[in-house]
Amino acid sequence: MNGKPAWPSVVVPIVVAGAAGWSLVPFALWWADADPRYFSAAWDEWLEGSAVAALLASLALALMRQRLAPALLAVWGRVLAAPRRTFFAWCAGLLAALSVLMCRFVFAGNPRNVDGFAQLFQARIFLAGRLWVAPPPEIANFATLQMILGPDHWFAQYPPGQALVLAAGLLLGAWWLLNPLIVVALVFATHRVAAWCADRSSARLALLLACVSPFVIAVAGSEMSHLAAATLGMAAAAAATGLGGRRPGLAASLAGAALGVMVAFRPLDAVAAAAPVALIVLLAAPRPLRAFALIIASGAVATLPTLWYNAGTTGSWHQFGYSYLWGPQHSLGFHPVPWGVPLTFTRAIALTGVDLHQVNTYLFDLPVPILVIVAAGFVAGRRAVGQRDAVPVLGVAALSGLLFFYFHRDVFYGPRFLFSAVPWILVLTARSLGLLRRSGRQVLPGTNAGLVAAFFVLVAFVVGFVRITPARLAAYREATPIFDLHPDRDAARSGVGNAVVVVPDGWGTRLIARMWAMGVPVRRSTRLYAAIDACTLEGALDEAEGDAPRRARLIATLDSLAALRRPGFRAGLTEDPNLRVPLGVTLPRSCSEEIAFDRRGFLQFAPFLYLNTARLDGDIVWARDLRVRNAALFARYAGRRFYRYAPPAPGERPTFTPIDAADGTVR
């Protein structure tokens, strides 16, 4: 199936081995200020886990001897002998069920990421038949991160694709209802691509690997756009594999359309996804120029709805919401950034290394770095490596290469920014295990070294599922108790209706929301909050709140305070570990009252914004609790009942407490 020119057998193993080495060298210790414990914990787990896996594999070899190879090959033979539709149905059904179980029982059926909070409210806006809504006058009660707060426009910073998926789910009854269908489409496309790049055995193994990847299952159970983006990227590649078939025009058109629609989810990922599609075109299309023309034309047409959305929201067809909100510093490159540490060349090396390290850590919960296993397979089986093996390598390298120039990283059940490349990593893993199994000299009668190594990997998977995965799932479940709350259900059980319910945020978040409401741009507020202690910031906002001239000079005033470089100290006065106050001075009464309020226990408002209708006119209006500054909010909803949804004491389950609209006190 694969061609046999010389370059793939040299270039592909070198690239894969280089990525594996990059993942193991802790560049982030030197160039990204990483905590050494982050790497030492992973190395300890790998050393201990691999020792356990090696011991168990050795015991099995000693006990089974000549029976091991026939037994393993017989099991795999049955997997290959299963009818294609039956095998795929079982894998797709299992993965869909696991995604639902992850969502419902590990994530409590709730969104868990600030990006998702914004996209879910955008879904509400779409359900109201609008691209955006006007922000309410009491915007500090409702503003959340990743939302654009123009004078007339209020909408999420993201492209529209994921919000439309979430809107469809909400219309059907739950935001997550489409996820099982999307993950089935993902594995179907991955299977087709793996079969084209390698063989039927690798394709089936790639499906099985998807079913046992906690990272895949976690993202499939979340509200994030990564699942749909990865699915569209692989769908484009799967369509392109049909260019050598009977209907190449249709295949090219579908590939381009998938890439164009992908722009509505993750534009950078769509650019990266075009690279492996282009290579498939060169390898598969009898008339590549015609195929490229069709892909470009259909892709351009498929991007038109996204460009129209941009024009209707940011005012420019080529400007996405996040660049509108954060400015040109949000773009790729080595330059100042809107938050965090500026990107440099050495920091980019470190961050890319962290990405690859996290692939080792999170993709399969293996006690062995998975990229090392992939590299071992391609190096050991390099003589069998062909041109098509370069396609999944390019699929990973393209996205990693673009992210090399991006300043921000975070971990969301794994290296989420790399998730669109995960299907390609599954293909590479499946292919490498096949190469590994068929390589090596005979070490036992009927058993070669490659088969022994593949058996060790199988045992390592079992060890990982027992040692690592349960603890990781428990951490996901227990890490943030607030995300387990369902205030809408609690309200129904408590008989709360025709009401305004305020949810207490921490003092720091209240200060940031007040800055936004008073005209401080989001891109400036993050820097200002980091540079000014909470008490000083409280005083500056209080002075500007009732004084028009001071309010007009607020940004200049805050810049002056930030220039003093007095960010305060983390004193541990509340549950907010990032709250900073000046030390060695008597705090003003206003600051002491804010601290006392937080000590009674607070939640987060952002996860509950989407419980509102887009026009904030539902039976219950959910808002941020601003304490004495709730007066305008309560006046707007005169005639309703008012409640505070908050824990009676820190750590206790929140309850609904009636409050007085006049002064915000408990009745």
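From a predicted model like this one, the values you see are computed outputs, not experimental measurements. (Residues numbered from 1 in each chain as written. Predicted model: local features only at pLDDT ≥ 70, side-chain atom pairs only at ≥ 80, totals over all residues. Heavy atoms only, no water.)

(A) Just the packing of aromatic side chains, in detail. Scanning the entire structure with this criterion turns up 30 aromatic pairs. Seen from their ring centres, Phe 404 and Phe 405 are 5.2 Å apart, and the 75° between their planes marks the pair as edge-to-face. Owing to a relative accessible area of 11%, Phe 404 belongs among the buried residues under this scheme. Ring geometry for Phe 412 versus Tyr 413: centroids 4.2 Å apart, planes at 45°, classification tilted. For Phe 412, a relative accessible area of 5% corresponds to the buried category. The positively charged end of Arg 130 is found above the aromatic ring belonging to Trp 132, 4.8 Å away from the centroid. The cationic tip of Arg 388 hangs over the ring face of Trp 196; the distance from NZ or CZ to the ring centre is 4.0 Å. (Phe/Tyr/Trp six-rings, centres within 6.5 Å; stacked < 30°, edge-to-face > 60°. Buried < 20%, exposed > 50% of the residue type's maximum accessible area, 1.4 Å probe, protein only. Lys NZ or Arg CZ within 6 Å of the ring centre and 35° of its normal.)

(B) Main features of the pattern of salt bridges. Throughout the structure, instances matching the rule amount to 29 salt bridges. For Asp 490, the salt bridge goes to Arg 653, with nearest N and O atoms at 3.5 Å. With Asp 490 in helix H22 (residues 487-494) and Arg 653 in the loop between strand S9 (641-646) and strand S10 (655-658), the pair connects residues that are 163 residues apart, well separated along the chain. Within the structure, one salt-bridge network assembled from shared partners comprises Arg 510, Arg 514, Glu 538, Asp 542, Glu 545, Glu 594, Asp 598, Arg 627 and Arg 629. (Salt bridge = Lys/Arg side-chain N within 4 Å of Asp/Glu carboxyl O. Helix = DSSP H or I, 4+ residues; strand = E, 2+ residues; numbered from the N terminus.)

(C) Just the nonpolar core, in detail. Trp 154, Leu 243, Ile 370 and Trp 622 are the most contacted members of the largest nonpolar core, which totals 196 residues. By size, the runner-up hydrophobic cluster in this structure holds 23 residues, among which are Tyr 529, Cys 535, Leu 541 and Val 581. (Core = buried A, V, L, I, M, F, W, Y, C linked by side-chain atoms within 4.5 Å.)

(D) Spotlight on the environment of Ala 210. With respect to the helices, strands and loops of the structure, Ala 210 is situated in helix H9 (residues 200-211). Ala 210 gets classed as buried once you look at its relative accessible area, which sits at 5%. Put simply, Ala 210 and Val 422 are 212 residues apart on the chain and 9.2 Å apart in space, counted from C-alpha to C-alpha. Those residues in contact with Ala 210 that lie beyond four places of it in its chain are Leu 95, Val 187, Val 216, Ile 217 and Leu 426. (Contact = heavy atoms within 4.5 Å.)

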